[in-house]
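Chain by chain, the residues:
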Amino acid sequence: MDSDDVKQEDPVVLREEGNSLFKSGDLQGALCRYTQALKLSDSPSERGVLYRNRAACHLKLEDYTKAEADASKALDADPSDVKARFRRAQALQKLGKLDQAFLDTQRCAQLEPKNKAFQELLRQLGTQIQQKVRNPLSSTDARVQQMFTLLLDPSSQPSDRQKAAQNLVVLSREEAGAEQIFWLFSMIHLGMERLCAVMGSEVEAVPLAACHLLEVMFEALTEGMKKDVRCKDAAILPEPSRELRAMLRHLLDMLPAPTVSGPGRDSAINLLVKQVPRKSLRDPDNSLTLWVIDQGLKKILEVAGTIPEISRGPPLTDNTHMSCSVLLSKLYDDLKGDGERENFNHLCEEYVKHQFDSSGMENKLRAIQTVSVLLQGPSDVGNRTLEMSGVMDTIISQCASKDLAHQQVAVEALIHAAGKAKRASFITANGVALLKDLYKKSENDGIRVRALVGLCKLGSAGGTDFSMKQFAEGSTLKLAKQCQKWLCNDSLPATSRRWAVEGLAYLTFDADVKEELVEDKQALQAMFQLAKAEDKTVLFAVGSTLVNCTNSYDVEKPEPQMVELAKYAKQHVPEEHPKDALPFVEKRLAKLLEAGVVSALVCMVKQESPALTEACRECISRVFLALVERQEDRGTVVAQGGGKALIPLASEGTDVGKTKAAQALAKIAITSNPEIAFPGERVYEVVRPLVSLLRLECTLLQNFEALMALTNLAGISERLRQKIIKEKAVPKVEGYMFEEHELVRAAATECMCNLVLSTEVQKLFVAPGNDRLKLLVLYSGEDDERLRKAAAGTLAMLTSEQPELCARIPGTTRHWLEILQALLLSESVDLQLRGTVITLNLMQAERTLAQQLMESEALEILSVLAKGGAPEQASVARTAKQCLDVAVEYGLIKNNNSEGDKGLATGP
């Protein structure tokens, strides 16, 4: 090989030749050398340089599309390549993609601030962008600009501003719209300051719409701009984490600002709840949460401690304190270790101590209010602050204050403090008399209802244990009747009526109270109306009350032997109330359905509020599961929107809540037509929750119901079968085909029977080296008729669609012929039909198989079956006759008409 050939195969030599040609002005020659070198080079770094050089050629040749593509490939190899980024910016400028070009150039200028070429291009692009904005055309950019102008104009009508924000959310789904929105935020900083001002609007719909727009922005940043707005690298938004923190800082600054409206503040808190904590604890990065705690925890606590009736502070809504509790709880739960949690505790204790030690009762009450919010959120943190010196004593003393606002704050704190058993016993000893006195003597209904809730909470400390009651017989029933009375009193403010529901949430641990409440249709409907109202803080109380009334909480029943041992040892044994027996529960469920519980639950699921916590969602899921327990009630639940509401419950929330919702979906899909219960695309959303029940952590009942539901879905269409396959359900179904429990094993085999309608599943059986076919043959000979039907049905389908499997059946077990004959001789017409279909498929597949069958007792059996009998055996007779016809065609048997009757005789 001569030296010229060596040069032609060396990419480095080719690159150097290309460089020389480029300098001499031979652009086509340089382009040719770089392209040849790319074909030979295996080094990623070398290829990056070649792409960058080729991009320079394309720029000179004014082929800007190819220049952009090559520069992007160079950046894929080395994102820090400033030359490649600059060349892409130049190409983008020529292609009219000014926003992207600006951001690429800005990134270059950040890396090399003194580079005059970068600064000049930045200036040119800034001028061109401004001209473009000032020259509105019928383009996406113009619509974005128009919507922003309308949204940010304080003189615009609230309805117009709301529509503008909603339109921006829609425009953000388009690539061009998303780019323009990000440019407005990142380049000229129109965004956060002015949008935060919009979120401060008094009209609730406006901040909510603006919040939706910001949510789109946050998701784009946190998920790495999956909509290709960032051109596959970090070009469009330099340093997304920095931009994200800047946006979060504005939101945190909004919280204590007195100029921000209550609804706007709630929207900001809701946005923080959704965007700051990790979506999954498997994600190791909780740096955003740590940053928010460091920069904004005190601001959140400042809002939490605000008492509108007492102190000057930011305007609040009825939902603000609950929203703060949820945010604090989310942040605390997102912490990873004892050190991070201890820091959170320390910051909270420091804030409460500062307020409590400051002069004046107003500051002490702010501290108490902060403790109340913490007790409703991260309760461990709240309990630690509650144990600080003087806090509990001040709460008790202020319960007797003559100032109604002071009393209200103290009583609420006392109620939240009674959350743990040790705290409840302390308050029972020290505060019950005080609460009773307030309940009986206070002239203010707001104080009375809160005192009543405190008594309710303490009175229910024994939970569902009938033998552990804090108060005398009948006392809880009297308290409940008063709660129901207040609940139905429309003249009371909604907050007071909400506290009445809080009381019932505790009192309904008592089965007598459950029975009393469900008989009061007016009280039930009043509670449901509150659940649909603007005050979202009632959601958990309503959910808890309904969980108690439906007995949908988890109860571990001890084994009888352990109960006897406990009695012998004189230990306490929990007792179930007689009215918690199943017949009473079923009657309560019927009463709740009649009162309209489903529509209330559906409305609760639709609420966009931090008050719809994961615990609240779990309560709703539990109630739905109880409501669909009886088959005859499932149609009612579906007709009132329960099926639609269950889908999001099965995908978001606690693991228990998602499992309960998925099981409710399974029950509906088993007994209802899934296409009617979940119309349109919704039926495909049901698949994932059902597959999630095929886990060892779930009960056998949940496994069984999921398999039954998936069987129904798999029988509907190929698209649904593909969805089930995509969710990786097939290996799980196969696993349950080996389950010891006969019902689960049969259900899994039935599911497989429908799944094999898909060619993709059939190929699993065709693949060499597996025992799937053998299992079906063996199951076809089992005693369990349901399992036999499912296995034989699957075999019939497989041998029809994949004839090559027929030849493998004799090799699965030496008893295959006996199993097939047993199917043909079965008393079940269904099994006979499956047997004759399998036989027909085997005979049609190979003559040798047909010969084996005709030389066995199968010939005689088929001859008898072909004669027919009862009308329901017509299909069996017809298929048996087809088997004999195939044998005649093969010459294995012949017609015998010697005596005038059509008979069969074996032939050569």
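Heads up: the structure comes first, above all this text.
The shown structure was predicted, so the numbers you read here are calculated from the model rather than taken from an experiment.

## Observations concerning helix α24 (residues 432-441)
- If you check which residues of α24 are buried, you get V432, L434, L435, L438 and Y439. Viewed along the axis of α24, the buried residues span an arc of 165°, placing them on a single side of the element. Seen from the buried face of α24, the exposed residues on the opposite side, beyond 90 degrees, are A433, K440 and K441.

## Re the nonpolar core
- In this structure, L248, F344, F624 and L627 are the most contacted members of the largest nonpolar core, which totals 223 residues.
- It is helix α16 (residues 287-304) that contributes the most residues to this core, nine residues altogether.
- Beyond its immediate sequence surroundings of up to four residues, L627 is in contact with L589, L593, V597, V598, L601, D633 and V637.
- Counting 14 residues, the second largest nonpolar core, distinct from the first, contains L98, F102, C108 and L121.

## Quick look at empty space enclosed by the protein
- Applying the stated criterion across every chain, the model contains one cavity of 30 Å³ or more.
- Of the voids in this model, the largest cavity is the one considered here, and its volume is about 80 Å³.
- In terms of lining residues, the largest cavity is bounded by V777, S780, L795, I809, W816, I819, L820, L823, I838 and L842.
- Of all the secondary structure elements, the ones that give two or more residues to the lining of the largest cavity are α48 (816-825) and α49 (829-845).
- The element best represented in the lining of the largest cavity is α48, accounting for four residues.

## Considering helix α2 (residues 11-23)
- Between the first and last C-alpha of α2 there are 18 Å, a value that for 13 residues agrees with the 18 Å anticipated at 1.5 Å per step.
- The opening residue of α2, the one whose side-chain oxygen lies 3.0 Å from the backbone nitrogen of V12, is D10.
- A positive phi of about 95° marks G25, the residue just after α2.

## Remarks on the side chain of E515
- Here E515 is to be found in helix α28 (residues 511-519).
- Judged by its relative accessible area of 18%, E515 is buried.
- A distance of 2.7 Å separates the side chain of E515 from the side chain of R588, its partner in a polar contact.

Cut-offs and rules
- Residues numbered from 1 in each chain as written.
- Predicted model: local features only at pLDDT ≥ 70, side-chain atom pairs only at ≥ 80, totals over all residues.
- Heavy atoms only, no water.
- Buried < 20%, exposed > 50% of the residue type's maximum accessible area, 1.4 Å probe, protein only.
- Helix = DSSP H or I, 4+ residues; strand = E, 2+ residues; numbered from the N terminus.
- Arc of directions from axis to C-beta.
- Core = buried A, V, L, I, M, F, W, Y, C linked by side-chain atoms within 4.5 Å.
- Contact = heavy atoms within 4.5 Å.
- 1 Å grid on protein atoms, 1.4 Å probe; cavity = no way out; pocket = protein on both sides within 12 Å on 5 of 7 lines; lining within 4 Å.
- Points joined across faces, edges and corners; volume = space filled by probe spheres on them.
- Expected span 1.5 Å × (residues − 1).
- Polar contact = N/O pair within 3.5 Å; in protein donor to acceptor, adjacent residues only side chain to side chain.

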